[in-house]
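Residues per chain, in single letters:
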Amino acid sequence: MTKPKTTRFDTLALHAGARPDPATGARATPIYQSASFVFRDSDHAAALFNMERAGHVYSRISNPTCAVLEERISALEGGVGAIAVASGQAALHLAIVTLMGAGSHIVASRSLYGGSHNLLDFTLPRFGIETTFVDPRNLDAWRAALRPNTRLLFGETLGNPGLEVLDIPRVAGLAHEHGLPLLVDSTFTTPYLMRPFEHGADLVYHSATKFLSGHGVVIGGLLVDGGRFDWTEPGKSAGKFPTLTEPYAGFHDMVFVDESTTAAFLLRARREGIRDFGACMAPMTAFQILQGIETLPLRMQRHIENTRRIVAFLAAHEMVESVGYPELPQHPDRALATELLPRGCGAVFSFSIRGTREQGRKFIESLRIFSHLANVGDAKSLVIHPASTTHFRVSAEDLRAAGITEGTIRLSVGLEDAEDLIEDLSRALYAAGKS
Amino acid sequence: MRIEIKGTSTYAYTGSRAFDPALPTIVFVHGAAHDHSVWALQSRYFAHHRRNVLAVDLPGHGRSGGEPLASVEAIAEWLAALLDATHIEHAALVGHSLGALAVLETAGRNLERVESIALLGPSVPMPVADVLLDAAKADEHLAYELITGWSFAPGHQLGGNQQPGVWMTGNALRLMERSQPGALYADLLACHRYSDGLVAAGKVRCPALLILGQRDLMAPAKNAVALTAALAGCRVVTVPDCGHSVMTEAPDAVLDALRDFLCS
């Protein structure tokens, strides 16, 4: 039987979006460290400005190195296109402001990265955008939170730090039933572990700072459009997204859904969001993230392998009260994880040690290989105490709801020899037990 | 822009410009399971350079009502009806793939009305492989995947889009997924059965341009040799390292070729 001509994930991770540089033959993607790009003539200039020709004008709007990264993540996610931005937070902000303005409402999982929670709970209300937070496992809660002015549903593929597995098919189904898109933060899983578009999500973003770049050396974000959501569906989405469906005075009265059937969201995000809010990615950053993505499949395999060994070690340790990893039998999302994340549930997870807060402090300070810092997804193993750091602005009630206690410790498992990591954890647990 | 044609509501993209009867008109006609958006860059350029642009959604495609038309001849009749409905006396017609066949047939039937034609990715005849027809008939996703795999030159399968941030093959696939059930099969069958291309070409009296992808697998450049001979004095532009999705793979080269032809 004739098979479609496709390129597989690991090959796309190395090649998608890139070709040898036509000017020099350079095999690596060049870092186009240029703010602007020359026009052939006046007509060419005007045509580029008015979206009559394809190309680059100014690196805030687009840049050749960033464009390679944008194509690569689109290919890996199975989307139609992407925008590279300054950080994961910039990606979340860009998604929201592209879709809505004052008077709009979001329904979001309450198990979010603390920074995302801050944006939704404290900052966006100042601009007239409100958010209702819900238990990500409770579909009825998602449904009950919907309002006539709701414009977006939002969650993380794996909740932070509790690793609740977002039931993307069901939440997306609810969203689509009401003519709304589902935005997913896929930072913890990367497209290697899950491709949310295949399960019904409409928009995906990443903090590329984490596993995509993989080495903790850059800050960057990627926002990907799945291209399936119909922004004009009668009786559903029609009328809800005027930023995409009505003339935009800020760009020659362009109606973005008229220009692109599949990528209207991306067009608006680039032609307004990046242009006006300006949170663009630097080409050097894009290059470093591209370097990281080249080895994403290999690194994710090792991350998962190490994580499984450490989870097994901790789950059996007398000083450990609980381990929250969706592959464990007692985890409430185990079945869902088996369905959505067959390759593994990431390399970030939390566990609680028995004892006092002081013993928790002693544990962290006794570690020698794990670095105590605020990041995840590094090649090096990391540790943090969420209640006093990443989630310290979250109320006690919300902390409890998110499954975070004073004893919760979050690990990001790196690529070191697993035996060394287990020895490090064992030594620190012993020290905590003795303190 | 909405146009009523034979009782059916039709959508045509005008490049964000109001239709001006005083300006010359270019009609863009898409290929199988596509819509007006495949012409976004090129049509927008002409709309902002003193031309009326009608990048249509054929019946049963995109935002147009009705059912997909069953033959190239039927599409040609429909295009003539479009000109009637919009009171356009003369127009240049630009078509891609199935759209190119429809433009050719229209030009052969409306010698006074069609001022010039540009055919992108034409093939006369345009036989369609059984495996593709069968998959399209069954509305299998395989049909979209096969077309996507065959429509881009090898280099472009891995990207390198001139349009920043857009993944060409993913976008092409998603556009076809949006087509209504049966549309692709109807379109492919119309291509497969169209046998009068050279007859139509022999009647054409207006200037003609052929834009061919050097590495087009869907409509190989060699299949345009007889057409080139039949279209007296036609201009041929072969775009290097390009497949069937020439407007997407080489948008600037296509626009330059169209501009040189239509504005000269």
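About the thresholds
Residues numbered from 1 in each chain as written. Chains lettered and ligands numbered in written order. Predicted model: local features only at pLDDT ≥ 70, side-chain atom pairs only at ≥ 80, totals over all residues. Helix = DSSP H or I, 4+ residues; strand = E, 2+ residues; numbered from the N terminus. Rg over C-alpha atoms; globule rule 2.2 N^0.38 Å. Buried ≥ 20, exposed ≤ 12 C-beta atoms within 10 Å, placed from the backbone. Contact = placed C-beta atoms within 7 Å. Domains from an automatic or database assignment. Nonpolar A, V, L, I, M, F, W, Y, C, P; charged D, E, K, R; others polar. Pairing = 2+ DSSP bridges. Right-handed = clockwise from strand over helix to strand, strands pointing away. Axes fitted to C-alpha atoms, helices over the stretch in contact; angles between N-to-C directions. Left-handed = near helix turned anticlockwise from the far one by under 90°. pLDDT = per-residue confidence, 0-100. Expected span 1.5 Å × (residues − 1). Arc of directions from axis to C-beta.

A. Structural view of the overall build of chain B. Scanning chain B from terminus to terminus reveals 12 helices and 8 strands. The C-alpha radius of gyration computed for chain B amounts to 17 Å, which stays within 12% of the reference 18 Å derived for 264 residues, consistent with globular compactness. Once the C-alpha set of chain B is aligned to its principal axes, its extents read approximately 45 × 40 × 40 Å. Buried positions account for 58% of the 264 residues belonging to chain B. Taking as baseline every contact in chain B between residues at least 6 positions apart, the subset at least 24 positions apart corresponds to 76%.

B. Looking closely at the domain arrangement of chain A. Residue and element names in this part refer to chain A. Each assigned domain of chain A is listed here: domain 1 (9-291) and domain 2 (296-434). For domain 1 versus domain 2, the separation of C-alpha centres amounts to 29 Å. Tallying the contact residues gives 30 residues for domain 1 and 38 residues for domain 2. Mapped onto the side of domain 1 that touches domain 2, the elements with two or more residues apiece are helix H1 (9-15), helix H5 (114-123) and helix H8 (190-193). Tallied by class, the residues present in the side of domain 1 that touches domain 2 amount to 13 nonpolar, 11 polar and 6 charged.

C. The arrangement of the pairing of strand S7 (residues 208-213) of chain B in detail. All names here are of chain B. Burial of S7 is extensive: 6 of the 6 residues sit out of reach of the surface. Residue alternation in S7 divides its side chains into two sets, Ala208, Leu210 and Leu212 and Leu209, Ile211 and Gly213, and both sets are buried. Pairing between strand S6 (residues 114-120) and S7: 4 bridges, direction parallel. Opposite Leu120, over in S7, you have Ile211 as the bridge partner. Handedness of the crossover is the feature at issue here: the chain leaves S7, passes through helix H10 (residues 225-230), returns alongside strand S8 (residues 235-239), and the resulting connection is right-handed.

D. Spatial organisation of unusual backbone geometry. Val124(B) connects to Pro125(B) through a cis peptide bond whose omega is 0°. Along the polypeptide, Pro125(B) turns up in the loop between S6 and helix H4 (130-137). One non-glycine residue, Thr190(A), lies in the positive phi region at around 60°. Here Thr190(A) lies in helix H8. Despite not being glycine, Arg50(B) has its phi angle at roughly 60°, a positive value. Looking at where Arg50(B) falls in the secondary structure, it is placed in the loop between helix H1 (40-47) and strand S4 (52-56).

E. Region of the structure containing the interface of chain A and chain B. Taken together, the contact between chain A and chain B spans 43 residues of the former and 36 residues of the latter. For the side of chain A that touches chain B, the secondary structure elements donating two or more residues are helix H3 (64-77), strand S1 (81-85), helix H10 (256-259) and helix H11 (264-277) of chain A. Looking at which element gives the most residues to the side of chain A that touches chain B, the answer is H3(A), with 5 residues. For the side of chain A that touches chain B, the residue count by class is 14 nonpolar, 18 polar and 11 charged.

F. Representation of the environment of Glu156(A) within the structure. Residues and elements named next belong to chain A. Tracing the chain through its elements places Glu156 in strand S4 (residues 150-156). C-beta crowding within 10 Å serves as the criterion here: with 23 such atoms nearby, Glu156 is assigned to the buried category. Aside from chain neighbours lying at most four places away, what touches Glu156 is Ser109, Ser111, Leu112, Leu166, Asp185 and Phe188.

G. Up close: the packing of helix H5 (residues 141-151) of chain B against helix H7 (residues 168-177) of chain B. Residues and elements named next belong to chain B. Contact pair H5 / H7: the axes reach a minimum separation of 10 Å and the direction vectors enclose 145°. Here the hand of the crossing between H5 and H7 comes out right-handed. Side by side, H5 and H7 meet where Tyr144, Ile147, Thr148 and Ser151 of the first sit next to Thr169, Ala172, Leu173, Met176 and Glu177 of the second. A per-class count over the contact of H5 with H7 returns 5 nonpolar, 3 polar and 1 charged.

H. Main features of the confidence of the model for chain B. Per-residue pLDDT for chain B has a mean of 96; in total, 100% of the residues score no lower than 70. Predicted complex metrics record ipTM = 0.96 and pTM = 0.96.

I. Molecular detail of the sheet that holds S7(B). All names here are of chain B. With mixed pairing, 8 strands are arranged side by side in an open sheet as S1-S2-S4-S3-S5-S6-S7-S8. The open sheet terminates on both sides in strands that have one partner only, identified here as strand S1 (2-5) and S8. Pairs of neighbouring strands in the sheet enclose a mean axial angle of 25°, with direction left out of account. Sheet topology places strand S3 (residues 25-29) next to S4; 4 bridges connect them, and they run parallel. Looking across to S4, one finds that Val27 is bridged to Leu54. Contacts between H1 and the sheet are confined to strand S2 (8-13), S3 and S4, with S4 contributing the most and set at about 155° to the helix. Those strands touched by helix H3 (residues 98-109) are S3, strand S5 (91-96) and S6, and its axis lies near 145° from that of S5.

J. Up close: helix H17 (residues 418-434) of chain A. Residues and elements named next belong to chain A. In a regular helix each residue adds 1.5 Å, so 17 residues correspond to 24 Å; H17 covers 24 Å between its end C-alpha atoms and thus fits that length. Every buried residue of H17 is accounted for by Leu421, Leu425, Ala428, Leu429 and Ala432. All buried residues of H17 fall inside an arc of 100° around its axis, so they share one side. Within H17, the exposed residues directed more than 90 degrees away from the buried face are Glu419, Asp420 and Lys434. Next to the buried residues of H17 lie helix H13 (296-315), strand S9 (348-353) and helix H15 (357-366).

K. A look at H1(B). The element H1(B) is extensively covered by neighbouring structure, given that 8 of its 8 residues are classed as buried. All of the buried residues in H1(B) are Ala40(B), Leu41(B), Gln42(B), Ser43(B), Arg44(B), Tyr45(B), Phe46(B) and Ala47(B).

L. Here's a closer look at the sheet that holds strand S12 (residues 408-412) of chain A. Residues and elements named next belong to chain A. Spatially, S8-S9-S12-S11-S10 is the arrangement adopted by the 5 strands of the open sheet, whose pairing is mixed. The sheet terminates laterally at strand S8 (320-324) and strand S10 (371-372), the two strands that pair on one side only. Relative to S12, strand S11 (residues 382-384) is paired through 3 bridges, and the arrangement is antiparallel. Paired with Val383 across the bridge in S12 is Leu411.

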